[in-house]
Amino acid sequence: MQTPVMLVDAAGLWFRSYYALPESLTAPDGSPVNAVRGFCDTLARLLTERSPGRLVVCLDNDWRPEFRVRALPSYKSHRVAEEAPEAEAVPDTLTPQIPVILDLLAALGVDTAEAEGYEADDVIATLAEAERDDPVEVITGDRDLFQLVRNEPTPTRVVYMGGGLNKLQDYGPAELAERYGLPDEGTGRAYADMAVLRGDPSDGLAGVAGIGEKTAAKLVSRFGSLEELLEAAANGDTGLTPRDREKLVEASEYLAAAPSVVRAVTDAPVEHSLPTDIRRDEPVDAARVSELQRDRGLGSSVDRLVAALG
């Protein structure tokens, strides 16, 4: 039986850990380590329960890439801190924990990957697209990555953490098609097309006014793709109601830009830090692991992660 490649959305995991655990979890110097401990515990549990053969923790090199902002200036614009336009508004007590997580992953020999000028979504999409040996599991709390599900040439599933570890939702094409009323073939791409039409206020995507998720799914299913739908609207296709056609025509400027923002890049210049085989005889830097565990007060969280890595 093939063991999956596990691709983890790092930022999603440490944000979720930060908000799930109290800041009363501190290092000996009093600084919070709730995100670090939660990250370790969550990753350890995922590894133990899902038993991947390879693991890559995927990072945002640029959480708001210039190519997406050029296409759609509203992209994530509301998340930008006024005092630091180049950076996302990350909680002050989370920011110093991120280097600790990355230091610990490096010391444990866990592979991390990023691509200059790209988001973690693009890194994950590129690695999933390139995989030809084993099935892929994407671990994320971001529905945008549903667009990656596929059966061929190697299966890719998205394990959605939106409801927490105890309510994981495992989506392949069949589950995604059933959940959203999308076609059974090309379901991942159809989800991205639906997402363009529906929009997403959390990402600054306006969507098409008057077209919600259900209507968007029906339109994509009926016409096969966003491109074919827009061609039908431009040509006055009778398969569209006059009102839906009007809505699409009115949103033409948005619809010209949004697909390049919503669709993840599958050929990003991804760089890996280490080999990806998850199983190791011992941590790459056992002394550094022990030092971080002691100095940052990480206790049993590190022990669980070390045990899960094998």
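The model shown is predicted, which means the values in this text are computed figures rather than measured ones.

**Student:** Go over the overall build of the protein, please, and point to the residues and values.
**Tutor:** From N to C terminus, the protein includes 13 helices and nine strands. Compactness check: the protein gives a C-alpha radius of gyration of 21 Å against a globular reference of 19 Å for 310 residues, within 12% of the reference. Along the three orthogonal principal directions, the C-alpha set of the protein runs to about 70 × 50 × 35 Å. Within the protein, the fraction of its 310 residues that count as buried is 51%. When the accessible area of the protein is evaluated, it comes to approximately 14,300 Å², of which 50% is carbon and sulfur surface. On the protein, the mean spot of the 31 positive side-chain charges and the mean spot of the 54 negative ones are 5 Å from each other.

**Student:** Describe the layout of surface pockets, with residues and values.
**Tutor:** Each pocket or cavity is described by its volume, and for the second largest pocket that value is around 400 Å³. Looking at the lining of the second largest pocket, the elements that each hand over two or more residues are helix 5 (120–130) and helix 7 (187–198). Considering each element in turn, the lining of the second largest pocket owes the most residues, four residues, to helix 7. Partitioned by chemical class, the residues of the lining of the second largest pocket number seven nonpolar, seven polar and seven charged.

**Student:** Any details on the side chain of Arg150? Residues and values, ideally.
**Tutor:** The residue Arg150 is located in the loop between strand 6 (136–140) and strand 7 (156–160) in this model. By relative accessible area, Arg150 is classed as buried at 13%. Residues within four places of Arg150 in sequence aside, it is in contact with Ala128, Glu129, Glu131, Arg132, Pro155, Thr156 and Pro173.

**Student:** So what's going on with unusual backbone geometry? Residues and values would help.
**Tutor:** Following Glu152, the chain continues to Pro153 via a peptide bond in cis, the omega torsion being 0°. Here Pro153 is to be found in the loop between strand 6 and strand 7. One non-glycine residue, Ser51, adopts positive backbone phi at about 50°. Position of Ser51 relative to the elements: it lies in the loop between helix 2 (34–50) and strand 2 (54–58). The backbone of Lys76 shows a phi angle near 55°, a positive value even though the residue is not glycine. The residue Lys76 is located in the loop between helix 3 (66–71) and strand 3 (80–81) in this model. Its relative accessible area of 7% is what places Lys76 among the buried residues.

**Student:** I'd like a rundown of the pairing of strand 7, residues and numbers included.
**Tutor:** Counting buried positions over the five residues of strand 7 gives four, a clear majority of the element. In the sheet, strand 7 pairs with strand 8 (residues 169–171) via three bridges, with the strands oriented antiparallel. When the bridges of strand 8 are listed, Val159 appears paired with Asp170.

**Student:** Got a sec to walk through the pattern of salt bridges? Specific residues and values, please.
**Tutor:** Per the stated rule, a full pass over the model turns up 23 salt bridges. Glu137 is the partner of Arg50 in a salt bridge, and the nearest nitrogen-oxygen pair spans 2.9 Å. A residue pair is termed long-range when its members are at least 10 positions apart, and Arg50 in helix 2 and Glu137 in strand 6 qualify at 87 residues. The class for Arg50 is partly exposed, based on a relative accessible area of 21%.

**Student:** Give a description of the nonpolar core that names residues and reports values.
**Tutor:** In terms of nonpolar packing, the biggest core is built from 57 residues, with Leu7, Leu197 and Leu248 touching the most fellow members. With seven residues, helix 7 is the largest single contributor of residues to this core. A domain-level breakdown of this core finds at least three residues from each of domain 1 (5–173 + 265–309) and domain 2 (190–262). Discounting chain neighbours no more than four positions away, the residues touching Leu7 are Val56, Cys58, Ile124, Leu127, Ala128, Val136, Glu137, Val138 and Ile139.

**Student:** Provide a residue-level description of the environment of Val100, including the pertinent values.
**Tutor:** Mapped onto the elements of the fold, Val100 is located in helix 4 (residues 97–108). Remark: the alpha-carbon pair of Val100 and Val33, spanning 67 residues in sequence, is separated by 8.9 Å. Other than its neighbours up to four places away in sequence, Val100 contacts Val36 and Arg296.

**Student:** Please give an account of the domain arrangement of the protein that cites residues and values.
**Tutor:** One can read the domain layout of the protein as domain 1 (5–173 + 265–309) and domain 2 (190–262). Taken over C-alpha atoms, the centre of domain 1 sits 32 Å from the centre of domain 2. Between domain 1 and domain 2, the buried area comes to about 1,200 Å², and carbon and sulfur atoms account for 49% of it. With its nearest N and O atoms 3.9 Å apart, the salt bridge here joins Glu213 to Arg143.

**Student:** Give me the packing of helix 7 against helix 8 (residues 213–223): which residues, what numbers.
**Tutor:** Helix-helix packing is characterised by the crossing angle of the two axes and by the distance between the axes. At a minimum axis distance of 9 Å, the contact between helix 7 and helix 8 shows a crossing angle of 135°. Taken together, the axis directions place helix 7 and helix 8 in an arrangement best described as oblique. Classified by chirality, the crossing of helix 8 by helix 7 is right-handed. When helix 7 is examined against helix 8, the residues Ala190, Asp193, Met194, Leu197 and Arg198 are found in contact with a partner set consisting of Glu213, Ala216, Ala217 and Val220. Considered class by class, the residues forming the contact of helix 7 with helix 8 number six nonpolar, no polar and three charged.

Conventions and cut-offs
Throughout this description, residue numbers start from 1 for each chain and increase along the sequence as written. Only residues with pLDDT of at least 70 are given local features in this predicted model, and only at 80 or more are side-chain atom pairs given and counted; all residues enter the totals for whole chains, interfaces and linings. Hydrogens and water molecules were not included; the side-chain quantities draw on all heavy atoms of the structure. Put simply, DSSP H or I for four residues or longer makes a helix, DSSP E for two residues or longer makes a strand, and each gets a number counted from the N terminus. Throughout, the radius of gyration refers to the C-alpha atoms, and the reference size of a globule is 2.2 Å times the residue count to the power 0.38. Working definition: with a 1.4 Å probe on protein chains only, accessible area under 20% of the residue-type maximum means buried, over 50% means exposed, and in between means partly exposed. Using a 1.4 Å probe, the Shrake-Rupley method yields the accessible areas, and only the shown protein chains count as cover for residues. The charged-residue count follows a simple rule in which Lys and Arg add positive charge and Asp and Glu add negative charge, with His and chain termini not counted at all. By convention, the charge on Lys lies at NZ, on Arg at CZ, on Asp at CG and on Glu at CD. Buriedness for pockets is judged along seven lines, at least five of which must meet protein on both sides within 12 Å for an open set on the 1 Å grid over protein atoms alone, while cavities are sets there where a 1.4 Å probe fits but cannot get out, and lining residues have an atom within 4 Å of a point. Grid points are joined across faces, edges and corners, and a volume is the space filled by probe spheres set on the points. Classes in brief: Ala, Val, Leu, Ile, Met, Phe, Trp, Tyr, Cys and Pro nonpolar; Asp, Glu, Lys and Arg charged; the others, Gly included, polar. In what follows, a contact means two residues having at least one pair of non-hydrogen atoms within 4.5 Å. Between any two strands, at least two bridges found by DSSP are needed for them to pair. The rule for a salt bridge is simple: a side-chain nitrogen of Lys or Arg has to be within 4 Å of a carboxyl oxygen of Asp or Glu. Residues grouped as a nonpolar core are buried Ala, Val, Leu, Ile, Met, Phe, Trp, Tyr and Cys residues, joined through side-chain atoms within 4.5 Å. Where each domain starts and ends comes from a domain assignment, either automatic or drawn from a database. Computed with a 1.4 Å rolling probe, the buried area is the accessible surface lost when two parts are put together, summed over both parts. Every axis corresponds to a line fitted to the C-alpha atoms, with the helix fit spanning only the stretch in contact, and the corresponding angles, defined between N-to-C directions, vary from 0 to 180 degrees. Each angle is binned into one of four classes, with values under 35 degrees roughly parallel, values over 145 roughly antiparallel, values of 65 to 115 roughly perpendicular, and all other values oblique. By definition, any crossing whose near helix is turned counterclockwise from its far helix by less than a right angle is left-handed, and any crossing with a clockwise turn is right-handed.

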